[in-house]
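# A closer look at the structure
Residue-level listing of the chains:
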Amino acid sequence: MNLYTIPDNKIQAAAALLRAGETVAFPTETVYGLGADASNPLAVRKIFQIKGRPNYHPLIVHIAAASQLPAWAQHIPDAAWQLAAAFWPGPLTLILQRSNQVPNEVTGGQDTVGLRVPDHPIATTLLHAFGGGIAAPSANLFGQVSPTTAQHVHDKLGSRVGTILDGGPCRIGVESTIISFVHGEAVLLRPGGLSVEAIEDTLNKKILLAQPNSFKVRASGTLDSHYAPATPIEIHPADELWLRAHRLANLGYKVAVLNLSDYNECVGSAEITSFQMPLLADEYGRELYATLHRIDNASFDRLLAEAPPVTQEWVAINDRIRRAAQGTANETEILVREDSR
Ligand code: TXA
Ligand code: MG
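Report on the accompanying structure. (Residues numbered from 1 in each chain as written. Chains lettered and ligands numbered in written order. Predicted model: local features only at pLDDT ≥ 70, side-chain atom pairs only at ≥ 80, totals over all residues. Heavy atoms only, no water.)

## Description of the overall build of the protein chain
Test applied: Helix numbers and strand numbers start at the N terminus; a helix is a DSSP run of H or I with at least 4 residues, a strand a run of E with at least 2. Under the scheme applied here, a residue whose accessible area is under 20% of the maximum for its type counts as buried, over 50% as exposed, and between as partly exposed, the area being computed with a 1.4 Å probe on protein chains only. Throughout, a residue-residue contact means that at least one pair of heavy atoms, one from each residue, lies within 4.5 Å. Values of accessible area rely on a 1.4 Å probe in the Shrake-Rupley scheme; residue burial ignores everything except the protein chains shown.
The helix and strand tally for the protein chain stands at 12 helices and 15 strands. Residue burial in the protein chain is summarised as follows: out of 341 residues, 53% are buried. Long-range contacts, defined here as pairs at least 24 residues apart, represent 67% of the contacts in the protein chain between residues at least 6 apart. Of the roughly 15,200 Å² that the protein chain leaves accessible, carbon and sulfur atoms contribute 51%.

The structure is reproduced here in structure tokens:
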């Protein structure tokens, strides 16, 4: 028996909570979601309150099957149906024109809506038991690292959530890929668990990349500093990583190093701890957020990440760690100046 099977009555109880307008945190193949009844504005508002998320940031509506698309979206292009058929259930979110039934609370007042069919037995069972759409962002505080275990949700949101369904660690560990069809052509808004190549192969054409500020969308994942751990983070190529780590350690910093190569120079410094990451992008993605949560819990002063390869399969990971490092830039400048005195 799968260790993480949840008894049916627990899922039925969670569905009843959703019907009563409460929130339910649940596992998906990407990250844990903080769900509420997508057709109930009051329930949806609770999500924003719990996360501390500005209410103009739209939420993804999770549905049980592509056949439910027309209830939530209209003017659905053929290419969107093609992607839904090829990749749902799976780590792909489609942004489409919303139907009239979608509350403003879900879309942040925009006339578009994000939709996805998650690929996780507990999410599927919950969606079927509930019957409707479940609006759910990642179940973390706004701007922080997404949860990939029920414990992460518990640590950060705890008693504020109606219930937390434990489905074990998420299989993919990085959020869904977001493709918008609202300007006609497919546009990538966020790289994620599904590769852009797989999408292009299915559509038999290249997809456009969203240019910052060129689309009138408000996607919180596109804010500069997002998915950010509490520990300031810097990214360095392998050959500069350890030099930098030792410089910081000499300044009295407690340093965590996220290293890819097994070359490891932390020996001899009590201030430096190395977190060896997997060499395969899939495995790295699965472990990334859990490692960031561990590092945050251990109160390091600085996290140095070895720059991952710049190839297709690493796009989503590069995106997340570069966003996570955004907020550190200014502080790093100061440190470099001190350091060079
Ligand atoms: O893998 C995932 O997508 C996870 C799981 C729980 O499904 N969900 C997730 O939700 O990452 P969230 O809210 O943390 O990120 C969803 C992103 C946000 O950046 C949001 O702004 C964007 O999708 N989004 C949602 N609806 C949108 C819309 N109508 N137009 C543009 N962006 C939208
Ligand atoms: Mg999120």
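And the narrative resumes.
## Considerations on unusual backbone geometry
Glycine aside, residues mostly have negative phi, and peptide bonds are mostly found in the trans state. Omega for the peptide link from Trp-88 to Pro-89 comes to -5 degrees, which places this bond in the cis form. By the secondary structure assignment, Pro-89 is in the loop between helix H4 (78-87) and strand S5 (92-98). Residue Asn-204 is not a glycine yet carries a positive backbone phi of 60 degrees. Relative to the helices and strands, Asn-204 resides in the loop between helix H8 (196-203) and strand S11 (208-209).

## Focus: the packing of helix H10 (residues 281-297) against helix H11 (residues 315-326)
To be explicit about the condition: Structural elements are reduced to axes, namely lines fitted to C-alpha atoms, with helices fitted over the stretch in contact, and the angle between N-to-C directions of any two is expressed from 0 to 180 degrees. Angle categories: roughly parallel below 35 degrees, roughly antiparallel above 145, roughly perpendicular from 65 to 115, and oblique for all the rest. Here a crossing is called left-handed whenever its near helix is offset anticlockwise from the far helix by less than a right angle, and right-handed whenever the offset is clockwise. In this classification, Asp, Glu, Lys and Arg are treated as charged, Ala, Val, Leu, Ile, Met, Phe, Trp, Tyr, Cys and Pro as nonpolar, and every other residue, Gly included, as polar.
At a closest axis distance of 9 Å, the pairing of H10 and H11 adopts a crossing angle of 30 degrees. Relative to H11, H10 is oriented roughly parallel. Of the two possible hands of crossing, H10 and H11 adopt the one that is left-handed. Contacts between H10 and H11 involve Ala-281, Tyr-284, Gly-285, Leu-288 and Tyr-289 on the former and, on the latter, Ile-317, Arg-320 and Ile-321. Residue composition of the contact of H10 with H11, grouped by class: six nonpolar, one polar and one charged.

## Some remarks on the layout of surface pockets
So the rule is basically this: Note on definitions: the grid is 1 Å and covers protein atoms alone; a cavity is a set of points where a 1.4 Å probe fits but cannot get out; a pocket is an open set with protein on both sides within 12 Å along at least five of seven lines; lining residues have an atom within 4 Å of a point. Grid points are joined across faces, edges and corners, and a volume is the space filled by probe spheres set on the points.
Roughly 340 Å³ of volume is contained in the second largest pocket. If you go around the second largest pocket, you meet 18 residues; those closest to its centre are Gly-192, Gly-193, Leu-194, Asp-282 and Glu-313. Secondary-structure elements contributing two or more residues to the lining of the second largest pocket are H10 and H11. Sorting elements by how many residues they give to the lining of the second largest pocket places H10 first, with four residues. Looking at the lining of the second largest pocket residue by residue, the classes come out as nine nonpolar, five polar and four charged.

## With respect to the nonpolar core
Our working rule: Among buried residues, the Ala, Val, Leu, Ile, Met, Phe, Trp, Tyr and Cys ones that are joined through side-chain atoms within 4.5 Å form a nonpolar core.
By size, the foremost hydrophobic cluster in this structure holds 46 residues, and its most contacted members are Leu-94, Leu-115 and Ile-179. Counting residues per element, the ones that place at least two in this core are strand S2 (33-37), helix H2 (41-51), helix H3 (69-72), H4, S5, strand S6 (112-116), helix H7 (150-156) and H8. The element that contributes the greatest number of residues to this core is H2, accounting for five residues. Non-local contacts of Ile-179, meaning those with residues more than four positions away in its chain, are made with Leu-83, Leu-92, Thr-93, Leu-94, Ile-95, Ala-186, Val-187, Leu-188, Ile-199 and Ile-207.

## Observations concerning the packing of aromatic side chains
For clarity, the cut-off: Here a pair means two rings of Phe, Tyr or Trp (six-membered ring of Trp) with centres within 6.5 Å. Their orientation is stacked below 30 degrees between planes, edge-to-face above 60, and tilted elsewhere.
Tallied over the full model, the rule gives two aromatic pairs. Considering the side-chain rings of Phe-275 and Phe-300, the 6.0 Å spacing of their centres and the 80 degrees angle between planes classify their relative orientation as edge-to-face. One end of the pair, Phe-275, is in strand S14 (residues 272-276); the other, Phe-300, is in the loop between H10 and strand S15 (302-306), and 25 residues separate them in sequence. The interplanar angle of 75 degrees and the centroid separation of 5.2 Å between the aromatic rings of Tyr-284 and Trp-314 together place this pair among those described as edge-to-face. Here Trp-314 lies in the loop between S15 and H11 and Tyr-284 lies in helix H10, a separation of 30 residues in the sequence. There is no split in this pair, since Tyr-284 and Trp-314 are both buried.

## Regarding helix H6 (residues 121-130)
Going by this rule: Throughout, the arc means the angular range of directions from the helix axis out to the C-beta atoms.
Within H6 the residues assigned to the buried category are Ile-122, Ala-123, Leu-126, Leu-127, Ala-129 and Phe-130. Along the axis of H6, the buried positions cluster into a sector of 165 degrees, meaning they face one direction only. Set apart from the buried face of H6 by more than 90 degrees, the exposed residues are Pro-121 and His-128. Each element contacted by the buried residues of H6 is listed here: helix H1 (8-19), strand S1 (24-26), S2, strand S3 (60-62) and strand S7 (134-135). Gly-131 sits one or two residues past H6 and shows a positive phi near 95 degrees.

## Describing the environment of Pro-41
One can find Pro-41 in helix H2. Classification of Pro-41 by relative accessible area gives partly exposed; the value is 30%. Each residue touching Pro-41, except ones within four places of it in the same chain, is listed here: Pro-103 and Glu-105.

## Quick look at a negative patch on the surface
The following threshold applies: In this scheme, patches are assembled from residues that exceed 30% relative accessible area and form no salt bridge. Like charges are connected within 9 Å, while nonpolar side chains (Val, Leu, Ile, Met, Phe, Trp, Tyr) are connected within 5 Å. Counted as salt bridges are all cases of a side-chain nitrogen of Lys or Arg within 4 Å of a carboxyl oxygen of Asp or Glu. Charge assignment in this entry is limited to Lys and Arg as positive and Asp and Glu as negative, and neither His nor the chain termini are counted. Taken as the charge centre is NZ of Lys, CZ of Arg, CG of Asp or CD of Glu, depending on the residue.
Negative charge collects at one region of the surface, where Glu-197, Asp-201, Asp-282, Glu-283, Glu-287 and Glu-313 lie side by side. Elements with a minimum of two residues in the negative patch: H8 and H10. Among the elements that line the negative patch, the one with the most residues is H10, at three residues. The topology assignment puts Glu-313 in the loop between S15 and H11.

## Some points on the pattern of salt bridges
Counted according to the given criterion, the structure contains 11 salt bridges. With a closest N to O distance of 3.1 Å, Arg-171 and Asp-119 form a salt bridge. Of this pair, Arg-171 sits in the loop between strand S8 (163-164) and strand S9 (177-180) while Asp-119 is found in the loop between S6 and H6, placing the two residues 52 residues apart along the sequence. A salt bridge links Arg-244 to Glu-234, with the shortest nitrogen-to-oxygen separation between them at 2.8 Å. Remark: Glu-234 occurs in strand S12 (residues 233-236) and Arg-244 occurs in helix H9 (residues 238-250); sequence separation between them is 10 residues. Since its relative accessible area comes to 9%, Arg-244 is described here as buried. Residue classification places Glu-234 among the buried positions, given a relative accessible area of 5%.

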